[in-house]
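# Structure at a glance
Below, each chain spelled out in residue letters.
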Amino acid sequence: MKYYNSIIDTIGGTPLIKLNRVTKGIKGTVLAKVEYFNPGNSVKDRIGRKMIEDAERQGLLKPGGTIIEGTSGNTGMGLALTAITKGYKCIFTISDKQSQEKINILRALGAEVVVCPTNVSPEDPRSYYSVARKLNAEIPNSIYPNQYDNLSNTAAHYETTGPEIWQDTDGKITHFAAGVGTGGTISGVAKYLKEQNSEVISIGIDTYGSVFKKYKETGIFDENEVYPYLTEGIGEDILPRNVDFGLIDSFVKVTDKDAAVMTRRLAREEGLFVGWSCGSAMFGALEYARQHLKEGDVMVVILPDHGTRYLNKVYNDTWMKDHGFLELRSFSTARDIIRHRNGGSKLLTVDQNTTIAEAIKVFNKAGISQLPVSDGEQIVGSINDNTILNLLIEDPHTREKAVREIMGKPFMFVGLDNTVDALSSLIDKENKALLVRDETNQIHIITQHDLLMALTN
Ligand SMILES: Cc1ncc(COP(=O)(O)O)c(C=O)c1O
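To start, this report covers the structure provided alongside it. (Residues numbered from 1 in each chain as written. Predicted model: local features only at pLDDT ≥ 70, side-chain atom pairs only at ≥ 80, totals over all residues. Heavy atoms only, no water.)

### A look at the environment of Lys44
As a reminder, the rule being used: In DSSP terms, a helix is any run of H or I states spanning at least four residues, a strand is any run of E spanning at least two, and both are numbered starting from the N terminus. Only heavy atoms matter for contacts: two residues are in contact if any of them lie within 4.5 Å across the pair.
Looking at the secondary structure, you find Lys44 in helix α1 (residues 44-57). Taking C-alpha positions, Lys44 is 9.1 Å from Thr185, a pair spaced 141 residues apart along the chain. Dropping the residues within four chain positions of it, Lys44 is found in contact with Asn74, Thr75, Gly78, Gln147 and Thr182.

In structure tokens form, the structure reads like this:
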């Protein structure tokens with residue numbers, strides 16, 4: 001029989017996946033270590049287990065104890081998984097800028113969650129650091145692992161993440177990049193890799209609004225570098241003990257916007273549905289790679305968590321637009337969309353007297369989901385694959401019916417100068433496409449797919 005003794009035995013052993021599209025123009029190989037393959041969908045499962053087991057070994061955590069931690073969500077998840085398997089309670093303090101999804105996940109795992117204000121100094125009694133410390137002092141038989149200063153965090157990566165990368169790259173790794181929050185990932189992995197080969201270069205990814213890069217370069221902790229930013233999980237207004245500046249060769253800062261846009265590109269171009277700080281890590285790593293990577297070099301970039309936790313943020317178009325992160329590029333009107341679209345410009349239609357069976361063939365051949373229905377030169381209606389499917393399920397004889405018997409109203413005609421924004425507000429479940437007449441009176445169709453291409457190309 002092949003099975004694991006508990007969920008925590010599935011932590012680690014995450015895959016390296018080559019990037020093929022976002023790396024265009026870059027010399028060398030760039031590999032992502034995709035940490036959402038961990039059972040809690042993040043890199044922090046590794047440190048959750050290690051911090052708890054080290055506390056047990058040191059006699060700090062006794063049966064029935066309570067684990068209290070300040071966490072941006074992922075560490076809470078990692079701690080909760082190990083706590084559940086070992087019978088401990090969890091209380092987490094979290095700052096109010098973190099996504100609601102992360103808070104919900106922690107509660108789903110039975111943890112108590114205390115939400116604290118973001119924009120207060122770490123010393124402020126309301127900060128999530130201070131609240132965690134206070135709860136730890138008040139609750140008997142509790143521990144405060146403190147992922148920032150607890151060196152079990154770095155040790156977890158030294159013992160697992162680093163060796164996995166070394167083995168999976170066959171010792172060929174030349175560069176390692178990771179976002180820096182507590183610093184555990186970069187310090188632990190860089191320590192292991194540099195012990196194997198002192199030439200391996202480590203690159204820390206920082207955010208604007210965080211102190212790390214300036215501190216590394218000048219040795220000055222500059223409070224002016226600290227201002228609010230949105231990216232979750234990386235950058236700090238403190239210097240955690242887990243950040244070993246001696247092991248980080250250089251820092252690259254990445255804006256919230258560049259990170260958000262890259263996160264979406266990773267999903268759409270690489271199929272990697274990852275979290276926001278993954279976009280930061282990849283954007284910063286590629287910026288570095290563009291300048292420094294040579295043929296034959298192998299760069300590994302850590303992608304810490306999964307995209308589900310950011311569905312209401314970077315993966316939400318309205319949120320992206322509200323923050324000024326979604327730019328409408330060159331294809332910004334209906335005219336631009338039809339001008340730049342690949343493929344034939346002749347509008348594909350189906351005659352109203354065609355049978356449904358024939359119409360289905362047209363759908364399949366053209367690989368489309370909706371069609372205008374014509375009567376000679378006139379557009380008289382529309383059909384879509386969803387409606388046909390539902391009708392066929394109700395009555396298989398629908399196949400023999402004529403399209404006119406089941407068609408819906410014609411798609412709406414819009415002007416050539418409508419922007420993508422305006423067009424997208426007109427396409428919905430009921431109106432699956434729009435029609436435009438060009439300067440030569442030819443009719444073109446615009447679908448949701450066209451809008452998506454216009455927004456992302
Ligand atoms: C989403 C996310 N990305 C990156 C990091 C940074 O990793 P580390 O804390 O090991 O520096 C964290 C840590 O909180 C995180 O939650």
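### Considerations on the layout of surface pockets
Heads up, the rule is: Computed over the protein atoms alone on a 1 Å grid, cavities are sets of points where a 1.4 Å probe fits but cannot get out and pockets are open sets with protein on both sides within 12 Å along at least five of seven lines; a residue lines them when it has an atom within 4 Å of a point. Grid points are joined across faces, edges and corners, and a volume is the space filled by probe spheres set on the points. All amino acids are sorted into three groups, where Ala, Val, Leu, Ile, Met, Phe, Trp, Tyr, Cys and Pro are nonpolar, Asp, Glu, Lys and Arg are charged, and the leftover types, Gly among them, are polar.
Approximately 910 Å³ is the volume attributed to the largest pocket. In terms of lining residues, the largest pocket is bounded by 46 residues, among which Tyr129, Tyr229, Gly235, Glu236 and Asp237 are the most central. Broken down by secondary-structure element, the contributors of at least two residues to the lining of the largest pocket are α2 (74-86), α4 (128-138), β7 (175-179) and α6 (184-196). Class assignment of the residues belonging to the lining of the largest pocket gives a composition of 18 nonpolar, 20 polar and 8 charged.

### What about the sheet that holds strand β12 (residues 370-375)?
Here is the rule: Any two strands with at least two DSSP bridges between them are considered paired.
Read from one edge to the other, the open sheet built from 3 strands follows the order β11-β12-β13, with strand pairing classed as mixed. Edge positions in the open sheet fall to β11 (350-351) and β13 (378-384), since each of these has one partner strand only. Sheet topology places β12 next to β13; 6 bridges connect them, and they run antiparallel. For Pro372, the partnering residue across the bridge sits in β13 and is Ser382.

### Side note on the pairing of strand β15 (residues 433-437)
Rule in force here: Only protein chains enter the accessibility calculation, which uses a 1.4 Å probe; a residue whose area is less than 20% of its type maximum is buried, one above 50% is exposed, and one in between is partly exposed. Assignment of crossover handedness uses the view with strands pointing away from the viewer, where a clockwise path from the first strand over the helix to the second indicates a right-handed crossover.
Judged by how many residues are buried, β15 sits mostly within the fold: 4 of 5 residues are covered. Examined bridge by bridge, strand β14 (residues 412-414) and β15 share 3 bridges and lie parallel to one another. Bridged to Met412 within β15 is Leu434. With helix α15 (residues 420-426) bridging β14 and the parallel β15, this β-α-β connection has right-handed handedness.

### Some words on the site of the ligand
We apply this condition: Definition of nearness: a residue and a molecule or strand are near each other if at least one heavy atom of the residue lies within 4 Å of the molecule or strand. Between N or O atoms, a polar contact is any pair within 3.5 Å; within protein, one atom must be a potential hydrogen donor and the other a potential acceptor, and residues adjacent in sequence are included only when both atoms are from side chains. The accessible surface values rely on the Shrake-Rupley method and a 1.4 Å probe; as for residues, cover is taken only from the protein chains in view. Should more than half of a molecule's atoms lie within 2 Å of a pocket's or cavity's grid points, that molecule is taken to sit in it.
Near the ligand, the surroundings consist of 17 residues, among which Lys44, Gly181, Thr182, Thr185 and Ser277 are the closest. Backbone polar atom of Gly183 to an oxygen atom of the ligand: 2.8 Å apart, as the coordinates give it. In the environment of the ligand, an oxygen atom lies 2.5 Å from a nitrogen or oxygen atom belonging to the side chain of Thr185. Look at the ligand: alone it shows 380 Å² of surface, and the protein chains cover 98% of it. Cavity membership is defined here by more than half of the atoms lying within 2 Å of grid points; on that basis the ligand lies in the largest pocket. Tallied by class, the residues present in the shell around the ligand amount to 4 nonpolar, 10 polar and 3 charged.

### Considerations on the pairing of strand β16 (residues 443-447)
Within β16, 5 of the 5 residues are buried, which leaves it mostly tucked inside the rest of the structure. What you see with β16 is no split at all: Ile443, Ile445 and Thr447 on one side and His444 and Ile446 on the other are buried throughout. Looking at chain direction, β15 and β16 are connected through 5 bridges and run antiparallel. Of the residues in β16, the one forming a bridge with Leu435 is Ile445. Joining the antiparallel neighbours β15 and β16 is a turn of 5 residues, in which Asn441 adopts a positive phi near 75°.

### A few points about the packing of helix α5 (residues 152-168) against α6
Two quantities define a packed helix pair, namely the angle between the helix axes and the distance between the axes. Rule in force here: To get an axis, a line is fitted to the C-alpha atoms, and for a helix only the part in contact is used. The angle between two axes follows their N-to-C directions and goes from 0 to 180 degrees. If an angle is under 35 degrees, it is roughly parallel; if it is over 145, roughly antiparallel; if it lies from 65 to 115, roughly perpendicular; otherwise it is oblique. Whether a crossing is left-handed or right-handed is set by the direction in which the near helix is turned from the far one by less than a right angle, anticlockwise for left-handed and clockwise for right-handed.
α6 packs onto α5 with a crossing angle of 50° between their chain directions and a minimal axis gap of 7 Å. It follows that α5 is oblique to α6 by the angle criterion. Crossing handedness for the pair α5 and α6: right-handed. Counted together, Asn153, Thr154, His157, Tyr158, Thr161, Gly162, Pro163, Ile165 and Trp166 of α5 and Gly184, Thr185, Ser187, Gly188, Val189, Lys191, Tyr192, Leu193, Glu195 and Gln196 of α6 form the full contact between these two elements. Within the contact of α5 with α6, the residues separate by chemical class into 7 nonpolar, 10 polar and 2 charged.

### Observations concerning the sheet that holds β16
Read from one edge of the open sheet, 3 strands run β14-β15-β16, paired in mixed fashion. In this open sheet, the two strands that pair with only one neighbour each are β14 and β16. Each adjacent strand pair in this sheet contributes to an overall mean axis angle of 40°, direction not counted.

### Here we look at the environment of Val243
Tracing the chain through its elements places Val243 in the loop between α7 (212-218) and β9 (250-254). Accessibility expressed as a relative area gives 7% for Val243, which makes it buried. For the pair Val243 and Thr154, spaced 89 residues apart in the sequence, the C-alpha separation amounts to 8.6 Å. In this structure, Val243 is in contact with Val180, Gly181, Thr182, Gly183, Ser187, Phe212 and Ile248, ignoring residues within four places of it in sequence.

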